[in-house]
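# Coordinate analysis (summary)
What follows is the residue order along each chain.
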Amino acid sequence: MKPEYSVNELLFGDPAEQPEHAPDRPPRRTGRLDQLEFQVTRLLERMNIAVIFGGDKTIDGAVINQTQNPRSWKSYESVATDIADALRRLGCKNVHLMSDDMRLGEQLRSKGIHMGWLNTGGVQGYDSMLHGAALLELAGIPYVGHNPLTAGILDNKHTFKRQLNAFGIANAKFMTWHLSRGPFCADTNVQFKTCFAGYSGPFVVKPVCGRASQNIVVVDKPSELMGAVDAVYQATENHILIEKYLPGREFTAAICGQIIARERKLARSTRPFVFSVTERVLSKDERIFTSMDISPITMDRLRLLGPENDSDTFKKIVEISRTVYDDFDIDTLIRLDLRMDEHGEINILEVNPKPDIKKPSGETTSIVCSGLPTCGMDYDDLILSLFADRIDRLFCERRHIVTSFSTLLE
Ligand SMILES: Nc1ncnc2c1ncn2[C@@H]1O[C@H](COP(=O)(O)OP(=O)(O)O)[C@@H](O)[C@H]1O
Ligand SMILES: [Mg+2]
């Protein structure tokens with residue numbers, strides 16, 4: 001039987017634990033999993049949840065003026081459907097799928113949405129990954145997803161890499177260029193000479209804001225950079241990243257918060273949860289990982305790492321992942337892409353703020369879900385983990401916003 005708590009206790013924890021200096025502010029909740037389980041069950045049952053996917057700018061009323069997409073656009077609707085189906089199986093009676101466009105605010109209001117789940121890269125324009133989160137912040141609706149600032153930092157590879165450098169976390173040497181400064185000329189570019197002193201290639205040219213290996217060019221010599229930078233700029237109209245090519249093995253790792261569900265039972269770990277640490281199996285001539293848009297993710301393209309399998313590399317990746325999660329104060333699931341340099345040192349390529357969480361079916365899967373079985377988890381456990389961790393964090397850190405839950409918990 002579920003324990004019963006007063007609404008105030010459910011919202012703000014045990015009054016006996018209130019710190020004396022701030023009697024109206026409850027302390028962070030540590031432990032208390034039975035209480036969290038009760039809250040999660042009840043909220044799932046009573047909440048109206050909107051799972052939000054990327055809106056299509058060509059649909060009437062979606063935008064005022066259609067502009068460009070510096071980030072290669074995708075609707076992500078099928079994964080939003082996977083998430084919504086899992087929420088229903090977990091007991092949520094009112095799940096709505098909504099597209100992230102100008103009509104979203106009105107839809108949230110008319111359906112009485114209590115909580116959003118962001119599975120969107122946006123509709124159009126710059127920093128579209130953060131538009132959905134910004135709108136939900138504005139509307140006062142809590143959500144599973146990154147706050148706008150974090151989403152923007154993570155989805156802009158150059159901004160993220162500058163912060164990695166500030167934290168001293170290894171990543172490929174890089175510089176950025178924008179065509180408004182003129183064509184990129186390696187021969188005369190002072191920044192290029194300083195950044196890549198003693199290195200003459202190969203280079204990777206890629207959009208600062210991209211996805212799924214889209215618009216990425218590898219060139220062997222500095223003289224080829226001008227054409228590559230121009231091509232990527234024409235496709236994205238944004239800053240361009242020029243990076244040292246890392247020739248080694250490639251890995252990915254998923255990381256989420258400390259509340260984890262196994263067989264629907266919640267547990268709290270002491271560090272962020274790292275899972276699905278995999279090596280991407282590249283074929284002999286595959287210099288960069290082939291886009292999942294071209295070749296779906298199947299288990300033969302992945303090799304799971306674990307404590308008994310390549311344990312040193314596994315441990316290093318787990319430590320790097322947790323460091324990033326903590327240092328960047330990450331709110332929810334991310335997936336790190338990593339690659340070894342010529343000395344075998346692990347470098348971070350990028351972090352994905354909205355990694356693909358397609359539900360495995362038949363041959364195809366998503367990298368994030370590939371390692372769930374070895375953790376004793378299935379897809380619904382992952383969705384429950386992300387939902388419960390968010391509820392826990394909201395109660396810990398965003399207490400003004402969760403007051404709207406009070407009637408649901410009565
Ligand atoms: N500096 C690099 N060295 C070697 N390969 C790279 C480098 N940057 C990107 N790649 C390759 O390109 C792929 C996509 O790059 P990534 O930075 O992860 O961007 P995205 O996945 O957003 O397109 C990587 O999985 C990797 O195979
Ligand atoms: Mg990537």
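Rules behind the numbers
- Residues numbered from 1 in each chain as written.
- Chains lettered and ligands numbered in written order.
- Predicted model: local features only at pLDDT ≥ 70, side-chain atom pairs only at ≥ 80, totals over all residues.
- Helix = DSSP H or I, 4+ residues; strand = E, 2+ residues; numbered from the N terminus.
- Rg over C-alpha atoms; globule rule 2.2 N^0.38 Å.
- Buried ≥ 20, exposed ≤ 12 C-beta atoms within 10 Å, placed from the backbone.
- Contact = placed C-beta atoms within 7 Å.
- Pairing = 2+ DSSP bridges.
- Axes fitted to C-alpha atoms, helices over the stretch in contact; angles between N-to-C directions.
- Near = placed C-beta within 6 Å.
- Nonpolar A, V, L, I, M, F, W, Y, C, P; charged D, E, K, R; others polar.
- Domains from an automatic or database assignment.
- Parallel < 35°, antiparallel > 145°, perpendicular 65-115°, else oblique.

### Side note on the overall build of the chain
Each helix and strand counted, the chain has 14 helices and 15 strands in total. Over its C-alpha atoms the chain spans a radius of gyration of 22 Å, differing by no more than 12% from the 22 Å that the globule rule assigns to 410 residues. For the chain, the residues scored as buried account for 43% of the 410 residues in total. Taking contacts inside the chain between residues at least 6 apart in sequence as the whole, the part at least 24 apart equals 70%.

### Structural notes on the sheet that holds strand β12 (residues 273-280)
Pairing is antiparallel in the open sheet, where five strands are placed in the order β13-β12-β9-β14-β15. Unpaired on one side and paired on the other, β13 (302-304) and β15 (346-352) mark the two borders of the sheet. Averaged over all pairs of adjacent strands, the angle between their axes in this sheet comes to 30°, without regard to strand direction.

### Structural notes on the site of ligand 1
Not every one of the 20 residues close to ligand 1 is listed here, only the nearest: Ala172, Leu246, Ile288, Phe289 and Glu350. Residue assignment for the shell around ligand 1 shows that the elements contributing at least two residues are β6 (203-207), β8 (240-244), β14 (334-340) and β15. Tallied by class, the residues present in the shell around ligand 1 amount to nine nonpolar, three polar and eight charged. Residue contributions to the shell around ligand 1 reach at least three from each of two domains, namely domain 2 (173-244) and domain 3 (248-377).

### Here's the deal with the pairing of β8
Among the five residues of β8, four are classified as buried, and the element is accordingly described as predominantly covered. Pairing between strand β5 (residues 174-177) and β8: four bridges, direction antiparallel. What sits directly across from Phe174, in β8, is Glu243. Of the strand pairs in this sheet, β6 and β8 are connected by five bridges, and their pairing is antiparallel. Across the sheet, Phe203 pairs through a bridge with Lys244, a residue of β8.

### Here we look at the packing of helix α3 (residues 77-89) against helix α12 (residues 379-397)
Relative to each other, α3 and α12 sit at 85°, their axes nearing to 9 Å. Viewed along their axes, α3 and α12 adopt a mutual orientation that is roughly perpendicular. Counted together, Ile83, Ala86, Leu87 and Arg89 of α3 and Tyr379, Asp380 and Ile383 of α12 form the full contact between these two elements. Broken down by class, the residue content of the contact of α3 with α12 amounts to five nonpolar, no polar and two charged.

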